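So the chains spell out like this:
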Amino acid sequence: MTRPLDGIRVVELGAVITGPLATSLLAELGAEVIKIERPDGGDPFRSFLGGLYSPHFKAYNKNKKSVTLDLTSGDGRQTLHDMLRTADVLLDNFRPGVLDRLGLDDVTIERLNPDIIRCSVTGFGKDGPYAARPAYDAVAQSLAGITGLFIDPDTPQLTGPTIADNVTGMYAALGVMAALLERQRTGGAGRRVDVSMLEASIAFIPDPFAFVDSNLDVTPTTRVAASQSYAVRCRDGKLLALHLSSLPKFWEALCQALERPDLGDDARFATRALRFENYSALAECLSAAFETRSRAEWVTRLERFDVPFAPVNAVEEVAHDPQVQHLATFHDWKAADGSNVRSIHCPIWFDGARIPPQSPPPLLGEHNDEYLPKS
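A quick note: this is a predicted structure, and the numbers were derived from the prediction, not measured.

**Student:** Would you explain the overall build of the chain in this entry?
**Tutor:** Check the secondary structure of the chain and you find 18 helices and 13 strands. Over its C-alpha atoms, taken along the principal directions, the chain stretches across nearly 80 × 45 × 45 Å. Taking all 375 residues of the chain together, 43% fall into the buried category. Counting only carbon and sulfur atoms, one obtains 55% of the accessible surface of the chain, whose full area is about 19600 Å². If you average the places of the 38 positive and of the 49 negative side-chain charges in the chain, the two averages end up 2 Å apart.

**Student:** I would appreciate a short explanation of the environment of arginine 38 in the present structure.
**Tutor:** By secondary structure assignment, the location of arginine 38 is in the loop between strand S2 (32-37) and helix H2 (55-59). A relative accessible area of 40% places arginine 38 in the partly exposed class. For arginine 38, the residues in contact, after removing those within four places along its chain, are Pro44, Thr68, Leu69 and Leu364.

**Student:** Would you explain unusual backbone geometry in this entry?
**Tutor:** Backbone geometry follows two general trends: most residues other than glycine have a negative phi, and most peptide bonds adopt the trans configuration. The backbone phi angle of glutamine 228 is positive, close to 55 degrees, even though this residue is not glycine. Tracing the sequence through the fold places glutamine 228 in the loop between helix H10 (222-227) and strand S7 (229-233). Residue classification places glutamine 228 among the buried positions, given a relative accessible area of 1%. The phi torsion at aspartate 351 lies on the positive side, around 55 degrees, for a residue other than glycine. Here aspartate 351 is to be found in the loop between strand S12 (349-350) and strand S13 (353-354).

**Student:** Got a minute to help me understand the nonpolar core in this structure?
**Tutor:** The tendency in soluble globular proteins is for nonpolar side chains to be buried as a group. Within the largest apolar cluster, 27 residues are counted, with the highest numbers of intra-cluster contacts made by Leu254, Leu286, Phe290 and Leu302. Sorting elements by how many residues they give to this core places helix H11 (residues 248-258) first, with 7 residues. The residues contacting leucine 302, other than those within four sequence positions of it, are Leu240, Leu242, Leu254, Ala257, Phe290, Val307 and Phe309. In terms of nonpolar packing, the next biggest core, distinct from the first, is built from 24 residues, Ile117, Val121, Ala179 and Val195 among them.

**Student:** Can you help me understand the side chain of serine 343 in this one?
**Tutor:** Structurally, serine 343 can be placed in strand S11 (residues 340-344). Residue classification places serine 343 among the buried positions, given a relative accessible area of 8%. Here the side chain of serine 343 touches lysine 62 through a polar contact of 3.5 Å, side chain to side chain. Residues within four places of serine 343 in sequence aside, it is in contact with Lys62, Thr329, Phe330, His331 and Trp333.

**Student:** Would you mind showing me how to read a nonpolar patch on the surface here?
**Tutor:** Taken together, Tyr171, Leu174 and Phe204 make up a surface patch of nonpolar side chains, about 290 Å² in accessible area. Looking at the element boundaries, leucine 174 is found in helix H7 (residues 164-186). With a relative accessible area of 52%, leucine 174 lands in the exposed category.

**Student:** Just to check I follow, could you spell out the pairing of strand S1 (residues 9-13) for this structure?
**Tutor:** Along any regular strand the residues' side chains alternate between the sheet's two faces. Burial runs high along S1: 4 of the 5 residues are buried. Relative to S2, S1 runs parallel, the two being bridged by 4 bridges. Looking across to S2, one finds that valine 11 is bridged to isoleucine 34. One crossover worth recording links S1 to the parallel S2 by way of helix H1 (residues 18-28), and it is right-handed. Relative to strand S4 (residues 89-92), S1 is paired through 4 bridges, and the arrangement is parallel. Across the sheet, residue leucine 13 finds its bridge partner in S4, namely aspartate 92.

**Student:** Looking at this structure, I do not really get the sheet that holds S4. What am I missing?
**Tutor:** In sheet architecture, strand pairing relies on hydrogen bonds along the backbone and comes in two forms, parallel and antiparallel. Strand order in this open sheet of 6 strands is S3-S2-S1-S4-S5-S6, and the pairing throughout is parallel. The open sheet has two edge strands with one neighbour each: strand S3 (64-68) and strand S6 (192-196). Neighbour to neighbour, the strand axes of the sheet diverge by 20 degrees on average, direction disregarded. Across 4 bridges, S4 lies against strand S5 (residues 117-122) in parallel orientation. Across the sheet, leucine 90 pairs through a bridge with arginine 118, a residue of S5. Sheet strands in contact with H1 are S1, S2, S3, S4 and S5, and its direction is about 165 degrees off that of S1. Running at roughly 70 degrees to S6, helix H8 (residues 197-204) makes contact with S5 and S6 of the sheet.

**Student:** I would appreciate a short explanation of the sheet that holds strand S8 (residues 239-243) in the present structure.
**Tutor:** Ordered by their spatial adjacency, 3 strands build an open sheet running S7-S8-S9, and the pairing between neighbours is antiparallel. Only two strands of the sheet have a single partner each, and these edge strands are S7 and strand S9 (309-311). Direction aside, neighbouring strands of the sheet carry axes that sit 20 degrees apart on average. The pairing of S7 with S8 spans 5 bridges and is antiparallel. Residue pairing for S8: arginine 233 is matched across the bridge by leucine 239.

What counts, and where the lines are drawn
- Residues numbered from 1 in each chain as written.
- Predicted model: local features only at pLDDT ≥ 70, side-chain atom pairs only at ≥ 80, totals over all residues.
- Heavy atoms only, no water.
- Helix = DSSP H or I, 4+ residues; strand = E, 2+ residues; numbered from the N terminus.
- Buried < 20%, exposed > 50% of the residue type's maximum accessible area, 1.4 Å probe, protein only.
- Areas by Shrake-Rupley, 256 points an atom, 1.4 Å probe, with all protein chains shown as cover.
- Lys, Arg positive; Asp, Glu negative; His and termini not counted.
- Charge placed at Lys NZ, Arg CZ, Asp CG, Glu CD.
- Contact = heavy atoms within 4.5 Å.
- Core = buried A, V, L, I, M, F, W, Y, C linked by side-chain atoms within 4.5 Å.
- Polar contact = N/O pair within 3.5 Å; in protein donor to acceptor, adjacent residues only side chain to side chain.
- Patch = residues over 30% accessible without salt bridge, like charges linked within 9 Å, V, L, I, M, F, W, Y side chains within 5 Å.
- Salt bridge = Lys/Arg side-chain N within 4 Å of Asp/Glu carboxyl O.
- Pairing = 2+ DSSP bridges.
- Right-handed = clockwise from strand over helix to strand, strands pointing away.
- Axes fitted to C-alpha atoms, helices over the stretch in contact; angles between N-to-C directions.

Written out as structure tokens, the structure is:
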């Protein structure tokens, strides 16, 4: 099938997650992404578990071409300049000022290619009191208030996947696509797009800030209480998640599935507002109720009564879930060195069809012969 971004060329000066994820998303949609890497090891994510092809690297770099350049040398910079003359997008996730030191300031890039879209991903923005600080996922999550909604201050422990990194990459890809659309629609010149991890992370969780503006206390359970979401343990020790949301029919259906009309008659839970106010008490009641049957039994009953639910899958269980298998969400391919790589399909479908994968994550310098000048 024709991909929406076929014919778009992107040069990536990125490492670790934010920049590489943004360009990976563009590549999935058809863009030709040339990943520029240092000859001495490339993207630091390559060697996270030893070697130069770690699972960390593979997760964020599919569908790209890897070219090694020494940007501290005149020849390396000249080769990059030649690439930029034919590129549509240059994306980096350096700290502010690094591009300037590499001789890639805005004036120089515009002189090389006035139509190019330049996207820079930073930790905190291009200026301000934190601009020069190093930024990683835990830093941005914490500053943006995300970590405070998960962590127990009495026994602090960071858990879970990257959030700030990933949403920043998504916002960067969105900004690039908007600039590409504007350029195509108006015939105008390129744009400078700037996205910071801090602001992207804040923008990703608008509801807690709306709660604060409404003078509501914001705690780790405020959102789940408002949405009436619960995690429960069944008799066999397996977990289920429930999300009743705002429609009364789902609360009524849950009471039917549980065969507990007394919960529906309980004055503490008579309205959604009261269920929000008495969230902890209701959670205790539900926990006790679900301990009476196995998860398989509850799955049958909840499905029968049309209650929004899901088993709490461990990561290794996800690929075996019947719906995930039906969608064929995961696929396997072989890298250039013969190793097997499991990857995730692009979740966006067009005209009822899935975008086919293009290529596995590249080996370091795998495409030098294709893009570097012949000596």
